[in-house]
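Residue-level structure breakdown
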Amino acid sequence: RELVFATNNQHKTQEVRSLLLGQYKVLNLNDIGCDADIPETGSSFAENAALKSQYVVDHYRIDCFADDSGLEIEALNQEPGIFSARYSGIRNDQENLSLVLRKMEGQSNRKARFRTVISLIRNQEHFLFEGIIYGNIRETPAGAQGFGYDPIFEPEGYTQTFAEMSMEQKNRISHRALAMNKLITFLKEQA
Ligand code: ITT
């Protein structure tokens, strides 16, 4: 069984492949020969996830799901939010992370959450699945695993950042895993 995941992001692909291991083979945009940078012009994670999945349905006529995610920081009015991928103006994880740390300098409220919204299109029907994990923004980055803002995010109840955890550990608790588990449950119910 195959599922198409409308993403260009290799890290997301890896995490999702690991979560679906033994259940579904996952094809990303690269695997289906799509090199488009799908416009994300929506004003919410749900809208942007839906734009990505709809793009693939329109252009390839295949069912698929998409993931729109980001980091929401309380003291920054929930920024970077939907702008997470290009917060610094360019698509560069290191630059984006540095900008967040600069904006958080001297800030005592370090509360944040990661959020993923997955949009699934199946037989022209749309479904949404959300996952949220709460945590805190570190003063300095730690860890070399994962991607994006992982080195500065310490989930509540843990002493390591996401980037200090193995992918398996992150996949036990992450926003993406929570949303994916809802998707997996839904697909099982439909089967
Ligand atoms: P696709 O749209 O092709 O799926 P993308 O990288 O553009 O890939 P998003 O639009 O959802 O994905 O942008 C989310 C950004 O938020 C991403 O580039 C990372 O910087 C950050 N991000 C998302 N999930 C993350 C995670 O699990 N850990 C750390 N950072 C994450």
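Everything quoted here is computed from the prediction, not taken from an experiment. (Residues numbered from 1 in each chain as written. Predicted model: local features only at pLDDT ≥ 70, side-chain atom pairs only at ≥ 80, totals over all residues.)

Comments concerning the overall build of the chain
Along the chain, the regular secondary structure elements total five helices and seven strands. The linear arrangement of helices and strands in the chain, starting from the amino end, is β-α-β-α-β-β-α-β-β-β-α-α. Seen through its C-alpha atoms, the chain measures out along the principal axes to roughly 50 × 30 × 25 Å. Burial status across the chain gives 36% buried among its 191 residues. Contacts in the chain between residues far apart in sequence, at least 24 positions, make up 52% of those at least 6 positions apart. (Helix = DSSP H or I, 4+ residues; strand = E, 2+ residues; numbered from the N terminus. Buried ≥ 20, exposed ≤ 12 C-beta atoms within 10 Å, placed from the backbone. Contact = placed C-beta atoms within 7 Å.)

Considering the site of the ligand
Taken together, 22 residues are adjacent to the ligand, and Thr7, Asn9, Ser84, Ala85 and Gly148 come closest. Going through the elements one at a time, β3 (64-73) and α3 (93-103) are the ones with two or more residues in the shell around the ligand. Of all the elements, β3 adds the most residues to the shell around the ligand, at four residues. The residue inventory of the shell around the ligand, partitioned by class, reads four nonpolar, ten polar and eight charged. (Near = placed C-beta within 6 Å. Nonpolar A, V, L, I, M, F, W, Y, C, P; charged D, E, K, R; others polar.)

Some remarks on unusual backbone geometry
Here the residue pair Glu79 and Pro80 is connected by a cis peptide bond, since its omega of 0 degrees sits within 30 degrees of zero. Within the secondary structure, Pro80 is located in strand β4 (residues 79-80). Even without a glycine there, the phi angle at Arg61 is positive, about 55 degrees. Summarising the element assignment, Arg61 is placed in the loop between α2 (45-60) and β3. Look at Arg61 and you get exposed, because 7 C-beta atoms sit within 10 Å. A positive phi angle, close to 70 degrees, is found at Gln124, a residue other than glycine. Looking at the element boundaries, Gln124 is found in the loop between β5 (111-122) and β6 (125-137). Judged by the 7 C-beta atoms lying within 10 Å of it, Gln124 falls in the exposed class.

Structural notes on the pairing of strand β1 (residues 2-5)
For a regular strand, side chains alternate in direction, first toward one face of the sheet and then toward the other. Two elements, β1 and strand β2 (residues 25-28), share four bridges in a ladder whose sense is parallel. Residue pairing in the sheet places Val4 in a bridge with Leu27 of β2. In the classification by handedness, the crossover that spans β1, the intervening helix α1 (residues 10-19) and the parallel β2 is right-handed. (Pairing = 2+ DSSP bridges. Right-handed = clockwise from strand over helix to strand, strands pointing away.)

Thoughts on the nonpolar core
Core analysis: the largest hydrophobic core is formed by 24 residues, its most contacted members being Phe5, Ala6, Cys64, Phe65, Ile118, Met180 and Leu183. Within the residue set of this core, elements represented by two or more residues are β1, α1, α2, β3, β5 and α5 (175-190). If near-sequence neighbours (up to four positions away) are discounted, Ala6 is found in contact with Leu29, Lys52, Ser53, Tyr55, Val56, Cys64, Phe65 and Ala66. The next biggest cluster of nonpolar side chains, apart from the first, holds 15 residues, and it includes Ile133, Tyr149, Ile152 and Phe162. (Core = buried A, V, L, I, M, F, W, Y, C linked by C-beta atoms within 7 Å.)

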